Amino acid sequence: MYKSPEIVVIHEFLSECETQTIISSAQPSLQRIYFGRNGKVDAVNSIHKRLAVGSRHLERHNKLMPTISRRICAITGLNMEVTEPSNVANDYYGKALSKYTFRKYSVGGYFEPHFDRFAKLNPNATYVYGRIATWLNYLSDVGAGGATVFPLINVTVWPTKYSALFWHNFDKSGEPDWQTLHSGCPVLVGHKWIATKGIHFMGNEFRKPCNPYDRHSRLYIQ
Ligand SMILES: O=C(O)CCC(=O)C(=O)O
Ligand SMILES: [Fe+2]
């Protein structure tokens with residue numbers, strides 16, 4: 001889709017049976033998604049930032065997800081396990097270490113422009129933690145609207161059932177990549193189903209692409 005930053009579409013990543021299994025396992029626990037930190041709902045941001053229902057599932061609670069994670073690992077070369085200390089992960093992911101996020105947008109549902117990385121330079125540590133990369137499975141086609149867009153680089157990805165979208169949230173020099181700002185456009189007709197897998201920094205230190213001279217994202221903000 002795009003070379004730098006690399007944004008990749010993987011066609012036919014899931015089968016019909018897998019897609020249906022994921023949807024039916026997520027369906028019973030769907031709830032309105034609220035935006036917030038540390039368990040506190042931020043009502044204003046909840047309306048402005050996203051309008052959808054969703055749920056989070058620990059991978060081990062769903063037999064199919066580990067198989068899908070192994071496939072993502074084979075394609076990306078990245079480790080799918082969360083190895084961050086649990087207090088770090090709790091800051092960002094609520095009470096438990098959630099592994100997959102399911103989301104269903106109905107007509108008018110959207111997700112405001114944002115970054116996935118949750119990056120924070122910890123002054124007491126030498127690492128950056130958060131989502132190093134994003135894997136987004138499209139579980140449905142959408143009648144109209146609902147594209148995933150990267151407005152700073154003019155990239156539009158139309159949801160196609162069974163396909164997946166992948167990108168790194170940091171450039172090869174390790175800096176947050178500002179060009180990965182992205183958004184889920186409002187659904188105009190039908191529903192949009194997605195399942196996202198946040199791929200974490202820790203555990204991927206030696207697997208992620210590395211090039212100290214690749215600082216394209218920095219150039220962009222100067
Ligand atoms: O709905 C989309 O297309 C984007 C979803 C997204 O950005 C996310 O789940 O972090
Ligand atoms: Fe996102």
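Residues numbered from 1 in each chain as written. Chains lettered and ligands numbered in written order. Predicted model: local features only at pLDDT ≥ 70, side-chain atom pairs only at ≥ 80, totals over all residues. Heavy atoms only, no water.

A. Summary view of helix α1 (residues 16–26). Regarding α1, the residues found buried are Glu18, Thr19, Ile22, Ile23 and Ala26. All buried residues of α1 fall inside an arc of 130° around its axis, so they share one side. (Buried < 20%, exposed > 50% of the residue type's maximum accessible area, 1.4 Å probe, protein only. Helix = DSSP H or I, 4+ residues; strand = E, 2+ residues; numbered from the N terminus. Arc of directions from axis to C-beta.)

B. A look at the coordination of the iron ion (ligand 2). Taken together, His114 (NE2), Asp116 (OD) and His182 (NE2) make up the full set of protein donors to the iron ion (ligand 2), lying 2.0 to 2.1 Å away. Sequence positions of the residues that donate to the iron ion (ligand 2) give the spacing H-x1-D-x65-H. Of this pair, histidine 114 sits in strand β8 (residues 110–114) while histidine 182 sits in strand β16 (residues 182–184), and the two are 68 residues apart along the sequence. Taken as a pair, histidine 114 and histidine 182 share a single burial class, namely buried. (Donors = N, O, S within 2.8 Å, 3.2 Å for Na, K, Ca; no water.)

C. Spatial organisation of the packing of α1 against helix α3 (residues 64–76). The interhelical angle for the contact between α1 and α3, taken along N-to-C directions, is 130°, at an axis separation of 11 Å. By the angle between their directions, the pair α1 and α3 is classed as oblique. Both α1 and α3 take part in a crossing whose hand is left-handed. Facing α1, whose interface residues are Glu18, Thr21 and Ile22, α3 presents Leu64, Met65, Ile68 and Arg71. A class-by-class count of the residues in the contact of α1 with α3 yields four nonpolar, one polar and two charged. (Axes fitted to C-alpha atoms, helices over the stretch in contact; angles between N-to-C directions. Parallel < 35°, antiparallel > 145°, perpendicular 65-115°, else oblique. Left-handed = near helix turned anticlockwise from the far one by under 90°. Contact = heavy atoms within 4.5 Å. Nonpolar A, V, L, I, M, F, W, Y, C, P; charged D, E, K, R; others polar.)

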